[in-house]
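Examining the three-dimensional arrangement
What follows is the residue order along each chain.
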Amino acid sequence: MSKKLIIKIVSLFTILLMTGCQKDDYTFGSITTPSNLKVTAEIVGKTADAPYGDGSGIVKFVATADNAISYKYVYPDGSSDNAPSGKITKRFTKTGVNTYTVTVLATGAGGVATNTTIDVEVQSDFSDDEAVQLLTGGSSKKWYWAAAEPAHLGVGQNDGDAANNFFPNYYKAGPFEKAGSPNSSCLYDNVLTFSLDGEVLKFQLDNGGATFFNKDFGSVAGASGLSEDMCLSYNTGACKNSFIKPFRICCNE
């Protein structure tokens, strides 16, 4: 072996040692725990004569904290709402005057969170036993797509135009329209079950393993950038608490 070749081998070995001994330096950014978390609750319609509100069950929450980038509200029934600004309006629907303990989480950089709770005592006068009976049959009832009906699936506006925002004036599916393509036929395999657990209305969707997604929401199932509405593999999860709230329909004469 020549002297020149030995020098080259030694040089290469030295470079490898230097590379292997280099200290890794990973920077994840600062991790800051939110502090001074405060939450206020305004019961809509609350007066001296109506201490629990106007019967709508509506409460306006405002959360603030130092170093928080987002907030989340968790309700006693297990449901939750994300509120990036800390502000949210919630309607409580259990009939009568009830106290609800709401947990509020403030999340900071790095995903660390702090939390607090607030109790609200609010009145809801709304009940629709007829609708609950229709949905559940008094215990549990399964619902299927009426695929043969015109406009069984549709898209309409959702704004302040009360004369037009209650029906699918943008798009209406024809009878069995979505059965003609494997990209959409999964829709008709869906089974919706409404059931009663005591006084709690529950809802479960059995999608057979696939859900028909609007192309703009494909990211929910891990498929961003879709060019059309499409059936995607999706786990709908377990039974969920549901509720009915009042609404008003205005029609043209």
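Quick notes on the rules
Residues numbered from 1 in each chain as written. Predicted model: local features only at pLDDT ≥ 70, side-chain atom pairs only at ≥ 80, totals over all residues. Heavy atoms only, no water. Disulfide = S-S within 2.5 Å. Helix = DSSP H or I, 4+ residues; strand = E, 2+ residues; numbered from the N terminus. Buried < 20%, exposed > 50% of the residue type's maximum accessible area, 1.4 Å probe, protein only. Contact = heavy atoms within 4.5 Å. pLDDT = per-residue confidence, 0-100. Phe/Tyr/Trp six-rings, centres within 6.5 Å; stacked < 30°, edge-to-face > 60°. Lys NZ or Arg CZ within 6 Å of the ring centre and 35° of its normal. Pairing = 2+ DSSP bridges. Axes fitted to C-alpha atoms, helices over the stretch in contact; angles between N-to-C directions. Salt bridge = Lys/Arg side-chain N within 4 Å of Asp/Glu carboxyl O.

**Points about the state of the cysteines**
Going through the model one piece at a time under the given rule, you end up with one disulfide. With its sulfur 2.0 Å from that of its partner, cysteine 186 forms a disulfide with cysteine 231. The sign of the -100° torsion about the S-S bond sets the cysteine 186-cysteine 231 disulfide as left-handed. Residue cysteine 186 is located in the loop between β10 (171-172) and β11 (191-197), and its partner cysteine 231 is located in strand β14 (residues 230-233); the two are separated by 45 residues in the primary sequence. By relative accessible area, cysteine 186 is classed as buried at 7%.

**A look at the environment of leucine 135**
With respect to the secondary-structure elements, leucine 135 resides in helix α2 (residues 129-136). Considering only alpha carbons, one finds leucine 135 and leucine 196, 61 residues apart in sequence, at a separation of 9.5 Å. Excluding anything up to four places from it in sequence, leucine 135 contacts Lys141, Trp143, Phe194, Leu201 and Ile244.

**Quick notes on the confidence of the model for the protein chain**
Looking at the protein chain as a whole, the pLDDT averages 86, with 86% of positions reaching at least 70. Low pLDDT, under 50, characterises residues 1-21; the stretch is placed with two contacts to residues that sit more than four places away or in other chains.

**Description of unusual backbone geometry**
With phi around 55°, asparagine 36 is a residue other than glycine that occupies positive phi space. Summarising the element assignment, asparagine 36 is placed in strand β1 (residues 35-43). Overall, the relative accessible area of 44% leaves asparagine 36 in the partly exposed class. Of note in this structure, asparagine 67 is not a glycine but carries a positive phi near 65°. Locating asparagine 67 in the fold gives a position in the loop between β2 (58-66) and β3 (70-74).

**Describing the packing of aromatic side chains**
Evaluated as defined, the whole model comprises six aromatic pairs. Arranged with centres 4.2 Å apart and planes meeting at 25°, the rings of phenylalanine 92 and tyrosine 100 form a pair that is stacked. Each of the two residues, phenylalanine 92 as well as tyrosine 100, counts as buried. Ring pairs connect the aromatic residues Tyr75, Phe92 and Tyr100, which therefore count as one cluster. For the cation-ring pair, lysine 90 lies above tyrosine 75, with the distance from its terminal atom to the ring centre recorded as 4.2 Å. Looking at lysine 90, its charged tip hangs above the ring of phenylalanine 92, at a distance of 5.7 Å from the centre.

**Description of the sheet that holds β11**
Adjacent strands of a sheet form backbone hydrogen bonds with each other and so pair up, either parallel or antiparallel. With respect to topology, four strands assemble into an open sheet ordered β8-β11-β12-β15, the strand pairing being antiparallel. Since the sheet does not close on itself, it has two edges, and those belong to β8 (140-144) and β15 (240-242), each with one partner. Taken pair by pair, the neighbouring strands of this sheet meet at an average axis angle of 30°, ignoring direction. Contacts from α2 reach β8, β11 and β12 (200-206), with the element oriented near 70° to β8.

**With respect to the environment of asparagine 36**
With 28 residues separating them in the primary sequence, asparagine 36 and threonine 64 have C-alpha atoms 7.8 Å apart. Among all residues touching asparagine 36, those that are not within four sequence positions of it are Thr64, Ala65 and Asp66.

**Some points on the pattern of salt bridges**
With the rule as written, the count across this model stands at two salt bridges. Taking the shortest distance from any N to any O, the salt bridge between lysine 178 and glutamate 177 comes out at 3.4 Å. For lysine 178, a relative accessible area of 13% translates into the label buried. Between lysine 215 and aspartate 216 there is a salt bridge, and its shortest N-O distance comes to 3.3 Å.

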